[in-house]
Amino acid sequence: MSDPNDPGLLSPPEAALLIDQYELTMSASYLRQGLNESAIFELFARKLPVHRTWLLAAGLGPALRLVGELRFGERELAFLGAIGFPEEFLEYLSEFRFSGDIHAIPEGTVCFANEPLLRVTGPRIEAQILETLLLNQINFQTMVATKAARVVLAAGGGEPGAGDSVIDFSPRRDHGIDAAMKVARSAAVAGCGGTSNVAAAMRYGLRPVGTMAHSYVLSFDSEEAAFRSFMEDFPETAVILVDTYDTIDGVRHAISASRDAGVRLAGVRLDSGDLLALSRAARRLLDEAGMSETRIAASGDLEEVRIAELVAASAPVDIWGVGTDLGTSRDSPVVNGVYKLVGDRRGDGWRGVWKLSPAKETVPGPKQVFRRYAGGIMRGDVIAAADEELEGEALLVPAMRDGVVVRRESLEEIRQRAASQLTALPERLRRPVAGETVEPHPVSYSERLRAAIEPS
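Residues numbered from 1 in each chain as written. Predicted model: local features only at pLDDT ≥ 70, side-chain atom pairs only at ≥ 80, totals over all residues. Heavy atoms only, no water.

When helices and strands are tallied, the protein chain shows 17 helices and 19 strands. In terms of principal-axis extent, the alpha carbons of the protein chain reach across some 80 × 60 × 35 Å. Classification of the 456 residues of the protein chain by burial places 52% in the buried group. Partitioning the contacts of the protein chain with sequence separation of at least 6, the portion at a separation of at least 24 is 72%. Of the roughly 20,800 Å² that the protein chain leaves accessible, carbon and sulfur atoms contribute 50%. Side-chain charges in the protein chain split into 49 positive and 64 negative, and the spacing between the mean points of these groups amounts to 3 Å. (Helix = DSSP H or I, 4+ residues; strand = E, 2+ residues; numbered from the N terminus. Buried < 20%, exposed > 50% of the residue type's maximum accessible area, 1.4 Å probe, protein only. Contact = heavy atoms within 4.5 Å. Areas by Shrake-Rupley, 256 points an atom, 1.4 Å probe, with all protein chains shown as cover. Lys, Arg positive; Asp, Glu negative; His and termini not counted. Charge placed at Lys NZ, Arg CZ, Asp CG, Glu CD.)

And the structure:
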């Protein structure tokens, strides 16, 4: 019996049905028509999302695990039978295991429009069935990692080294349980230093970070009593929220409470108002009190443009708590990745296939991306045929072979790659400025691919 109140999390067999129905109907027809030869699909974004000049690839690790565990259980097969799928197809699905290959751009790599993030090679039905699952994982997590990377760059004045000062405060605004978990992971990929999401901290080995809410302060007879109690209960880590009533008075009360409790004041958090003026005033009060080591945290609908403005104005903020905008990428909430057939096996050879419909054209055949650097800075990408050898770094690497994951990375390895990639971005692409148009990163097709798609 269905449960309308279930939490929405899927077991591996249930995840096999995280699929648009047309992929199953097509696959059933492929099987009946004898069209299950090897095929190649690629996942890419035709154009960059609004307000974005690059993407930071994310989601590969979770996607590979889901693909490796994909199975159709008895309950799922019974459901498919009940909605009309033929017995022959159900028998095929009962033995389903992905047996193909996946090449991918590693997580934490900067990428651009039309560059394949994934290339899937395998029996046509197997590769087709992965479509929704891969798009679901890669599109969302790449969107969040890109947003988080922009925030990290803003906090560092255009450099990625300030990531530890950025904290994911998003789970209360994220779009569901799984989204909150993947947001925390994607933010970590981009270099963020911690998360308020304790479940994600435990699962992914992240640093859990928390302060206090206004409800705590309102539960006491006075603000100072609340601060003193909190510091006594958490003497090593207490960060005090000071804007429940009057922010500047709140800072003074935090200083007084620290002295009364005999506990070092770890930090104060500003959650509203003029953050530039308030952070400067708070810093002055703390320094005058001999508390120069007390850190100032800022939160409250922050995003990268506002953070960049505050950093440029030398706001004395040590920690940036970013919630809604990080978890939802509010200014650019969609990476419109697509998953398209680009080739299939016919007899002894491969046939390139492509769409010609206006604004949705594709380029035939499997592809590779070569990136050139000069002086440690990205200078240009060339999208080429997969068997070409061109100047530069080949970005797509083996991730699965014969259905077995061959690329496993720690979050720390991915974070290091992301930091290196963000450092290698040209400076014009590292500074988020509202409304400003910048020269895009050059991406071109190889001569061979141009010859294949341009009219003779």
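With that out of the way, let us pick up the packing of helix H8 (residues 177-190) against helix H16 (residues 411-424). As a packed pair, H8 and H16 sit with axes 7 Å apart at the nearest point and diverge in direction by 50 degrees. Here H8 is positioned oblique relative to H16, judged by the angle of their axes. For the pair H8 and H16, contact is made by Arg 185, Ala 188, Val 189 and Ala 190 and by Leu 411, Ile 414, Arg 415, Ala 418 and Leu 422, respectively. Within the contact of H8 with H16, the residues separate by chemical class into 7 nonpolar, no polar and 2 charged. (Axes fitted to C-alpha atoms, helices over the stretch in contact; angles between N-to-C directions. Parallel < 35°, antiparallel > 145°, perpendicular 65-115°, else oblique. Nonpolar A, V, L, I, M, F, W, Y, C, P; charged D, E, K, R; others polar.)

Grouped together as the largest cluster of nonpolar side chains are 124 residues, with contacts concentrated most on Trp 54, Phe 227 and Ile 240. If one sorts the elements of this core by residue count, helix H7 (residues 131-155) sits on top with 14 residues. (Core = buried A, V, L, I, M, F, W, Y, C linked by side-chain atoms within 4.5 Å.)

This part takes up unusual backbone geometry. The phi torsion at Asp 301 lies on the positive side, around 55 degrees, for a residue other than glycine. You can see Asp 301 is positioned in the loop between strand S10 (295-298) and helix H14 (304-312). Residue Ser 329 is not a glycine yet carries a positive backbone phi of 45 degrees. By the element assignment, Ser 329 lies in the loop between helix H15 (324-328) and strand S12 (337-346).

Taken residue by residue, helix H11 (residues 223-233) has Glu 223, Ala 225, Ala 226, Phe 227, Phe 230 and Met 231 as its buried positions. Structurally, H11 contributes buried residues whose contacts are with helix H10 (214-218), strand S8 (239-241) and helix H12 (247-261).

Spatially, 6 strands are ordered S7-S6-S11-S10-S9-S8 in an open sheet, and the strand pairing comes out parallel. A single partner strand is all that each edge strand has here, and the edge strands are strand S7 (194-195) and S8. Pairing geometry for strand S6 (residues 166-168) and strand S11 (residues 319-322), over 3 bridges, is parallel. Bridging across to S11, Asp 168 finds its partner in Val 322. (Pairing = 2+ DSSP bridges.)

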